[in-house]
Amino acid sequence: MAKILFVMTGADHWTLADGTHHPTGYWAEEFVAPYRAFTDAGHDVVVATPGGVVPTVDRASLEPEVNGGQEGSDAVIAALEAAAELRDPIKIKEADVADYEAVFYPGGHGPMEDLVADADSARLLTGTLEAGKPLGVVCHGLAALLATERSVGTSPFAGYRVTGFTKAEEAQTGLGDRAKWLLEDRLVALGLRFSAGEPWAPNVVVDRNVHTGQNPASSAPLAAELLTSMS
């Protein structure tokens, strides 16, 4: 079957406007739900991070209240422990789009810290776009698109319709007023057509080969859309 590249943050914090570090990483559901979908369909997953570091899970994403209770939390933790790919990532700079059927970016606040300015990730994103291969990006993972800016306000993704973590949702996390910048604002400034759904509800937007999801709840339906595009 096909190989799918998961490009993930290597950050364990997000620097806020006052210079303090908010502990973070990748959001568990945004890895686990797509990982399950792709591997259950028989595909292989390869994880890539900046420098090949082992990615850090946002501990808040393991709590029962965001996983439908203790049973859900236990299942997510078990899934992460069973995903050997997380413990043996390749370096983003060594990844070649030609080797993969699709590329997927989980979120969490971590990408706001590192992938937002990662040139190797930008190369992968642009290469995937140009190759017409399915590209899936969820939640704060869309911060990686900001690294594709070629000059002020220009990007190969300009004009694409996308969704991602909204200003309304960031405000409800309690971090909106503390952030240096908000993802929705930056994507709009880059020329993307941002489509916001209801806070915390599943919302998937597909424009050509670019598939985006708004929030953690969008992870599973986003993966389903990607699988459909690969069939």
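As shown above, the structure is provided for reference.
Residues numbered from 1 in each chain as written. Predicted model: local features only at pLDDT ≥ 70, side-chain atom pairs only at ≥ 80, totals over all residues. Heavy atoms only, no water.

Our next topic: the nonpolar core. Core analysis: the largest hydrophobic core is formed by 66 residues, its most contacted members being Leu 5, Phe 6, Phe 31, Leu 80 and Tyr 105. With 5 residues, helix H1 (residues 28-40) is the largest single contributor of residues to this core. (Core = buried A, V, L, I, M, F, W, Y, C linked by side-chain atoms within 4.5 Å. Buried < 20%, exposed > 50% of the residue type's maximum accessible area, 1.4 Å probe, protein only. Helix = DSSP H or I, 4+ residues; strand = E, 2+ residues; numbered from the N terminus.)

Okay, helix H2 (residues 70-82) next. When the terminal C-alpha atoms of H2 are compared, their 18 Å separation across 13 residues agrees well with the 18 Å that a helix rising 1.5 Å per residue should span. Along H2, the positions that sit buried rather than exposed are Gly 72, Ser 73, Val 76, Ala 79 and Leu 80. One face of H2 carries all of its buried residues, which in axial projection span an arc of 125 degrees. Exposed residues pointing more than 90 degrees away from the buried face of H2 are listed as Glu 71, Glu 81 and Ala 82. (Expected span 1.5 Å × (residues − 1). Arc of directions from axis to C-beta.)

With that settled, consider unusual backbone geometry. The residue Trp 200 is not glycine, and still its phi comes out positive at about 75 degrees. Mapped onto the elements of the fold, Trp 200 is located in the loop between strand E9 (193-194) and strand E10 (204-207). Unusually for a residue other than glycine, Arg 208 sits at a positive phi of about 60 degrees. Its place among the elements puts Arg 208 in the loop between E10 and strand E11 (210-213). Overall, Arg 208 belongs to the exposed group, its relative accessible area being 54%.

Here we come to the sheet that holds strand E5 (residues 90-91). Strand order in this open sheet of 7 strands is E5-E4-E1-E6-E7-E11-E10, and the pairing throughout is mixed. The open sheet has two edge strands with one neighbour each: E5 and E10. One ladder, built from 2 bridges, connects strand E4 (residues 44-49) with E5; its direction is parallel. Looking across to E5, one finds that Ala 48 is bridged to Ile 90. This element, helix H6 (residues 219-230), spans strand E1 (3-7), strand E6 (102-105), strand E7 (135-138), E10 and E11 of the sheet and lies at about 165 degrees to E11. (Pairing = 2+ DSSP bridges. Contact = heavy atoms within 4.5 Å. Axes fitted to C-alpha atoms, helices over the stretch in contact; angles between N-to-C directions.)

Counting buried positions along E1 yields 4 of 5 residues, so the element is predominantly enclosed. As paired strands, E1 and E4 are joined by 5 bridges and run parallel to one another. When the bridges of E4 are listed, Lys 3 appears paired with Asp 44. Pairing of E1 with E6, which is carried by 3 bridges, proceeds in the parallel orientation. For Leu 5, the partnering residue across the bridge sits in E6 and is Val 103.

Where charged atoms of side chains with opposite charge meet at close range, the side chains can pair. As enumerated under the stated definition, the model contains 3 salt bridges in all. The salt bridge involving Arg 150 is made with Glu 130; its shortest N-O contact spans 4.0 Å. One end of the pair, Arg 150, is in the loop between E7 and strand E8 (161-162); the other, Glu 130, is in helix H3 (residues 119-131), and 20 residues separate them in sequence. Put simply, Asp 185 and Lys 167 hold a salt bridge, and the shortest N to O gap is 3.1 Å. Of the two residues, Asp 185 is situated in helix H5 (residues 183-189) and Lys 167 in helix H4 (residues 167-173); the sequence distance between them amounts to 18 residues. For Asp 185, a relative accessible area of 38% puts it in the partly exposed group. Take Lys 167: its relative accessible area is 36%, and that puts it in the partly exposed class. (Salt bridge = Lys/Arg side-chain N within 4 Å of Asp/Glu carboxyl O.)

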